[in-house]
Amino acid sequence: MDMQDLLADIAEEAKSAQPAGRVAHYIPALADVEPSRFGIALAYPDGHVIGAGDWRRRFTIQSISKVFALVLALAHRGDPIWSRVGREPSGNPFNSLVQLEYEHGIPRNPFINAGALVVTDLLLEHTDQPSEMLRDLLRVESGADDIDVDMAVAESEFGHIDRNAALGHLMADYGNLRHPVPQVLHHYVRQCAIAVSCEELARCGSVLTRHGMRADGSRLLSRSEAKRVSAIMLTCGAYDAAGEFAFRVGLPGKSGVSGGVMAVVPGRFTISVWSPGLDRRGNSVAGIDALDRFTTETGCSVF
Ligand code: GLU
């Protein structure tokens with residue numbers, strides 16, 4: 001089947017089904033979105049993108065931003081970051097405090113919230129505006145100059161920041177945050193609230209599909225660093241359901257609580273989906289069903 005036809009078919013199937021799962025509500029502004037939304041896009045390394053459904057409608061990137069923050073931290077701080085954040089699956093919810101206490105403030109990986117806060121702290125050693133730096137990376141890689149923070153979502157999350165603040169203060173106590181917790185939270189929340197479409201997200205993820213090369217042909221990450229980011233997506237990208245994601249989809253991927261998922265077929269294409277209804281672990285139900293169907297029908301997985 002032609003790729004465009006397959007995406008259209010997947011979108012049609014998702015749109016005609018009853019919306020499954022539950023829209024995230026712990027950030028109140030995220031609950032405002034229509035549960036029946038579904039978009040899917042596929043970007044080839046040369047920048048050509050195809051898509052179906054709501055593939056041009058924006059949603060907040062949420063945890064998928066953690067991939068790009070890690071890319072920037074590796075590009076600008078390099079290997080020393082691994083003394084402050086691990087690269088093992090956590091097996092715990094993304095905002096859990098428990099493991100952090102008995103592992104002395106060193107988060108298991110950069111994709112749980114604690115790990116992402118450390119990455120933001122590391123970026124603050126390089127720039128005093130890490131969320132702007134991340135936004136600018138997304139603007140340039142997607143070619144969409146108007147990508148920006150959705151302030152309604154950011155402010156909504158600032159109003160419900162206690163758990164992330166607790167993670168930050170615990171790590172500061174262990175000496176693993178070097179900047180004031182409010183400053184780290186400010187940039188972390190803003191990076192999560194950047195609004196992108198499936199089309200834009202797929203283009204941005206191509207930096208991994210191209211093994212570390214930017215859209216303009218310059219190198220952002222070494223091939224080995226790009227491999228490592230994708231490896232961490234595979235093992236840690238879907239909260240405490242990374243095993244299930246690998247089992248069903250078979251690709252490095254990263255999900256977010258707004259219902260977005262970005263997955264990479266290294267060397268071939270990036271695929272992104274968005275559908276707001278989440279399962280109990282925070283992954284998009286229709287999004288993962290779609291990726292499962294896509295890799296099953298095309299045989300495009302890393303396995
Ligand atoms: N901004 C969200 C939080 O920190 C992101 C969570 C996610 O997408 O996993 O809770």
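For the structure, see preceding data.
Below you will find a few notes about this structure.

Calculation rules
- Residues numbered from 1 in each chain as written.
- Predicted model: local features only at pLDDT ≥ 70, side-chain atom pairs only at ≥ 80, totals over all residues.
- Heavy atoms only, no water.
- Pairing = 2+ DSSP bridges.
- Helix = DSSP H or I, 4+ residues; strand = E, 2+ residues; numbered from the N terminus.
- Axes fitted to C-alpha atoms, helices over the stretch in contact; angles between N-to-C directions.
- Near = heavy atom within 4 Å.
- Polar contact = N/O pair within 3.5 Å; in protein donor to acceptor, adjacent residues only side chain to side chain.
- Areas by Shrake-Rupley, 256 points an atom, 1.4 Å probe, with all protein chains shown as cover.
- 1 Å grid on protein atoms, 1.4 Å probe; cavity = no way out; pocket = protein on both sides within 12 Å on 5 of 7 lines; lining within 4 Å.
- Sits in = over half its atoms within 2 Å of the grid points.
- Nonpolar A, V, L, I, M, F, W, Y, C, P; charged D, E, K, R; others polar.
- Points joined across faces, edges and corners; volume = space filled by probe spheres on them.
- Buried < 20%, exposed > 50% of the residue type's maximum accessible area, 1.4 Å probe, protein only.
- Core = buried A, V, L, I, M, F, W, Y, C linked by side-chain atoms within 4.5 Å.
- Salt bridge = Lys/Arg side-chain N within 4 Å of Asp/Glu carboxyl O.

**Observations regarding the sheet that holds strand β2 (residues 39–43)**
Argument step 1. Read from one edge to the other, the open sheet built from five strands follows the order β3-β2-β9-β8-β7, with strand pairing classed as antiparallel. Either end of the sheet is taken by a strand with one partner, and the two such strands are β3 (49–53) and β7 (253–255). When the angles between neighbouring strand axes are averaged without regard to direction, this sheet yields 10°.
Argument step 2. Where β2 meets β3, five bridges bridge the pair, whose relative direction is antiparallel. When the bridges of β3 are listed, G39 appears paired with G53.

**Some remarks on the site of the ligand**
Argument step 1. Contacts to the ligand come from 13 residues, most closely from Y26, Q62, S63, Y188 and Y239.
Argument step 2. Y26 is positioned such that a nitrogen or oxygen atom in its side chain is 2.5 Å from an oxygen atom of the ligand.
Argument step 3. Between N113 and the ligand, the recorded distance is 3.0 Å, taken from a side-chain N or O atom to an oxygen atom.
Argument step 4. The protein chains hide 99% of the 300 Å² of surface that the ligand would expose on its own.
Argument step 5. The site holding the ligand turns out to be the second largest cavity.
Argument step 6. Broken down by class, the residue content of the shell around the ligand amounts to seven nonpolar, five polar and one charged.

**Some thoughts on the sheet that holds strand β4 (residues 59–60)**
Argument step 1. Within the open sheet, the three strands sit side by side as β4-β6-β5. Their pairing is antiparallel. The outermost strands of the open sheet, each flanked by one partner alone, are β4 and β5 (148–149).
Argument step 2. As paired strands, β5 and strand β6 (residues 194–196) are joined by two bridges and run antiparallel to one another. Note on β6: the bridge partner recorded for V149 is I194.

**A few points about empty space enclosed by the protein**
Argument step 1. Taken as a whole and assessed by the stated rule, the structure comprises two cavities of 30 Å³ or more.
Argument step 2. Approximately 70 Å³ is the volume attributed to the largest cavity.
Argument step 3. Considering the residues around the largest cavity, the lining is formed by 13 residues, among which S96, Q99, L100, R108 and I112 are closest to the centre.
Argument step 4. Taken together, the residues of the lining of the largest cavity sort by class into seven nonpolar, four polar and two charged.
Argument step 5. Of the volumes computed, that of the second largest cavity is approximately 50 Å³.
Argument step 6. Around the second largest cavity, the lining residues are Y26, I27, Q62, S63, F94, N113, E157, N164, Y188, C192 and V257.

**Digging into the pairing of strand β8 (residues 260–265)**
Argument step 1. Of all the six residues making up β8, six are buried; the element is thus mostly covered by neighbouring parts of the structure.
Argument step 2. Of the strand pairs in this sheet, β7 and β8 are connected by three bridges, and their pairing is antiparallel. Each residue of the ladder has a partner; that of G253, found in β8, is A263.
Argument step 3. Hairpin connection from β7 to β8: four residues lie between these consecutive antiparallel strands, with G259 at a positive phi of about 100°.
Argument step 4. Across six bridges, the pairing between β8 and strand β9 (residues 269–274) is antiparallel.

**A closer look at the nonpolar core**
One broad trend across soluble globular proteins is that nonpolar side chains are buried collectively.
Argument step 1. With 76 residues, the main nonpolar core has F68, L138, L208 and V229 as its most contacted residues.
Argument step 2. If one sorts the elements of this core by residue count, helix α2 (residues 65–77) sits on top with eight residues.
Argument step 3. F38, I50, L251 and F269 belong to the second largest nonpolar core, which has 26 residues in total.

**Description of the environment of D46**
Argument step 1. If you trace the backbone, D46 turns up in the loop between β2 and β3.
Argument step 2. For the pair formed by D46 and R203, sequence separation is 157 residues and the distance between their alpha carbons is 9.3 Å.
Argument step 3. Of the polar contacts made by the side chain of D46, one reaches the backbone nitrogen of H48; its length is 2.9 Å.

**Focus on the pattern of salt bridges**
Pairing between side chains of opposite charge can happen when their charged atoms approach one another.
Argument step 1. Counted by the stated rule, this structure contains 24 salt bridges.
Argument step 2. As a salt-bridge pair, D9 and R293 come within 2.5 Å of each other at their nearest N and O atoms. Highlighted residues: D9 in helix α1 (residues 3–16) and R293 in helix α12 (residues 285–298), separated in sequence by 284 residues.
Argument step 3. A salt bridge links E141 to R210; its shortest N-O distance comes to 3.6 Å. One end of the pair, E141, is in helix α5 (residues 130–142); the other, R210, is in the loop between α9 (198–209) and α10 (223–236), and 69 residues separate them in sequence.
Argument step 4. Shared partners join several salt bridges into a network, and the residues in it are D9, E13, R293 and E297.

**Let's talk about unusual backbone geometry**
Argument step 1. The phi torsion at Q62 lies on the positive side, around 45°, for a residue other than glycine.
Argument step 2. Along the chain, the position of Q62 falls in the loop between β4 and α2.
Argument step 3. Q62 sits in the buried class, given a relative accessible area of 3%.
Argument step 4. Despite not being glycine, Y239 has its phi angle at roughly 60°, a positive value.
Argument step 5. Classification of Y239 as buried rests on a relative accessible area of 7%.

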